[in-house]
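Residue-level listing of the chains:
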There are 2 protein chains.
Amino acid sequence: MKQESRPQTKKEIRLENERIILEAAEKVFSEAGFGGATMQLIADVAGLPKANLHYYFPTKESLYRKVVHEIFNVWLLAADSFDSASGPAEGIGNYIDAKLEISRTHPAGSRVWATEVMHRAPVIQDYLESTLVEWTDSRIEVLEGWIEAGLMDPIDPRHLLYMIWATTQHYADFGHQIETLNHAKPLSDEQWDAVKKDVKRIILKGIGVSVADIADPRNAQ
Amino acid sequence: MKQESRPQTKKEIRLENERIILEAAEKVFSEAGFGGATMQLIADVAGLPKANLHYYFPTKESLYRKVVHEIFNVWLLAADSFDSASGPAEGIGNYIDAKLEISRTHPAGSRVWATEVMHRAPVIQDYLESTLVEWTDSRIEVLEGWIEAGLMDPIDPRHLLYMIWATTQHYADFGHQIETLNHAKPLSDEQWDAVKKDVKRIILKGIGVSVADIADPRNAQ
DNA sequence: CATTTTCTTGACCGCTTGGTCAAGATGGCT
DNA sequence: AGCCATCTTGACCAAGCGGTCAAGAAAATG
């Protein structure tokens, strides 16, 4: 995983090694969990001696914490689709597309996050209570506005958000199961497109947003 | 966790201790993952000496395997709702109810399963490839039959199944996150009922099954 | 009651773990 | 060049791990 070793400045060395270590750590943590992962294995994947990891990240937990925080930021970025939208067809549709795209390109990160939350979030509980609560409350307001404007059915916005999170992240977290059920092959580009189409169709139609709006090319991305 | 110790037959002792150990193991595995769990901690939760665990379950992996297999059977039972149904409103509606009920009463088991699959199913891959594939293929046939009969929209049955699995299991696997977003309180009975109602409503309406059918008291359970 | 089988348990073992350290290598700076 | 700060690494350590074992307690058997 380590690249060529031509002379570098100290800053470059630091940044590159931190990146190498974080990528290796994300991969190993996602495959083995915090407890099952070992610093030795992360070091092997990174192509560095174990002692070098402890030079950049003093403890296993500090390394893990950094990995989880990086993922958290990726999650939040997907919310942009929501904010700039004029209505549910566009806003929710784009949000589903963005979250499914993250599941496709960043599955390891999604699995680390899922494991962390399933284990009662020992490392990032403060983030759940502050940032996530604020984010959720603000989107709920948007959804409630759309409901009051008659743009979608009056369902509990939380139940809708949970369904979107669950379904989109499922394709990352349970990717192995999906792959097994797909004749042991990863989803093709065409299959991913079909997933996006069906997920948007079921959810949008399910909350009373007409399918015509979905098919509208203005809302394609 | 160990109950009173009045005289018992060998058979009773064996059954009771296996049960105590399995329940403790499910709890500990679900909170720490396979790697993070320790036999000592399971022993402490069970209220038995560690050596006693190894008398009933020779290795940590054999204990874990038993826990996962038990959960797998619970999952399969929920499928009964599917088979005895006359159409999608009843079949899918009851299936969603059954799976949400498992998430409510058996969240630890769901989390162990999720962790196992996320880590590429090192222990139960054979089950995925045999039993799960067969189960899925057979339900897909049922769904395709309903589609051909015009009882629901022509969507890929896999995408529907994944959405149901993802959404229902989310309430167990991410229960901690949901609780945090619910003002740090577990969902009340009324909230669980509302979840069941909304999830069924969105999904059934989303696949073109009329809501009137859902409200039909004949389909209530 | 005597004997056998099953169950219980503290002590123990080899091994791996996260983490330390000190000596050396390398780039930065004047 | 020479000195300092940063980076690298093999060797090492205490702690905790999964698993073993042998001796004793308790139930089954006849």
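1. Describing unusual backbone geometry
All names here are of chain A.
Piece 1. One non-glycine residue, Ala121, lies in positive phi territory at about 50°.
Piece 2. Note on placement: Ala121 falls in the loop between helix H7 (107-118) and helix H8 (125-148).
Piece 3. Relative accessible area serves as the criterion here: at 1%, Ala121 is assigned to the buried category.
Piece 4. Non-glycine residue His183 carries a positive phi angle of around 55°.
Piece 5. Assignment of secondary structure puts His183 in the loop between helix H10 (175-181) and helix H11 (189-206).

2. With respect to the interface of chain B and chain A
Piece 1. The interface is formed by 54 residues belonging to chain B together with 54 residues belonging to chain A.
Piece 2. Buried surface at the junction of chain B and chain A, summed over both partners, amounts to about 4,900 Å²; 64% is from carbon and sulfur atoms.
Piece 3. Counting the surface chain B buries against chain A, the share from its top three residues, Met118, Leu181 and Ile202 of chain B, is 15%.
Piece 4. At the junction of chain B with chain A, the criterion picks out four salt bridges.
Piece 5. Two residues, Asp153 of chain B and Lys205 of chain A, come together in a salt bridge whose shortest N-O distance is 2.4 Å.
Piece 6. Across the chain B-chain A interface, the total number found is 15 residue pairs in polar contact (both at pLDDT 80 or more).

3. Focus on the relation of the copies chain B and chain A
Piece 1. Expressed as a screw operation, the relation of chain B to chain A combines 0.0 Å of axial shift with a rotation of 180°, fitting to an RMSD of 0.2 Å. Both copies are brought into coincidence by an operation consistent with a two-fold rotation axis. Taking C-alpha positions as the reference, the residue of chain B nearest the rotation axis is Gly206 of chain B, at 1.8 Å.
Piece 2. Taken together, the interface assignments show that 100% of the residues at the interface of chain B recur at the interface of chain A, consistent with an identical surface on both copies.

About the thresholds
- Residues numbered from 1 in each chain as written.
- Chains lettered and ligands numbered in written order.
- Predicted model: local features only at pLDDT ≥ 70, side-chain atom pairs only at ≥ 80, totals over all residues.
- Heavy atoms only, no water.
- Helix = DSSP H or I, 4+ residues; strand = E, 2+ residues; numbered from the N terminus.
- Buried < 20%, exposed > 50% of the residue type's maximum accessible area, 1.4 Å probe, protein only.
- Contact = heavy atoms within 4.5 Å.
- Buried area = accessible area lost by both parts, 1.4 Å probe.
- Salt bridge = Lys/Arg side-chain N within 4 Å of Asp/Glu carboxyl O.
- Polar contact = N/O pair within 3.5 Å; in protein donor to acceptor, adjacent residues only side chain to side chain.
- Least-squares fit on C-alpha atoms with pLDDT ≥ 70 in both.

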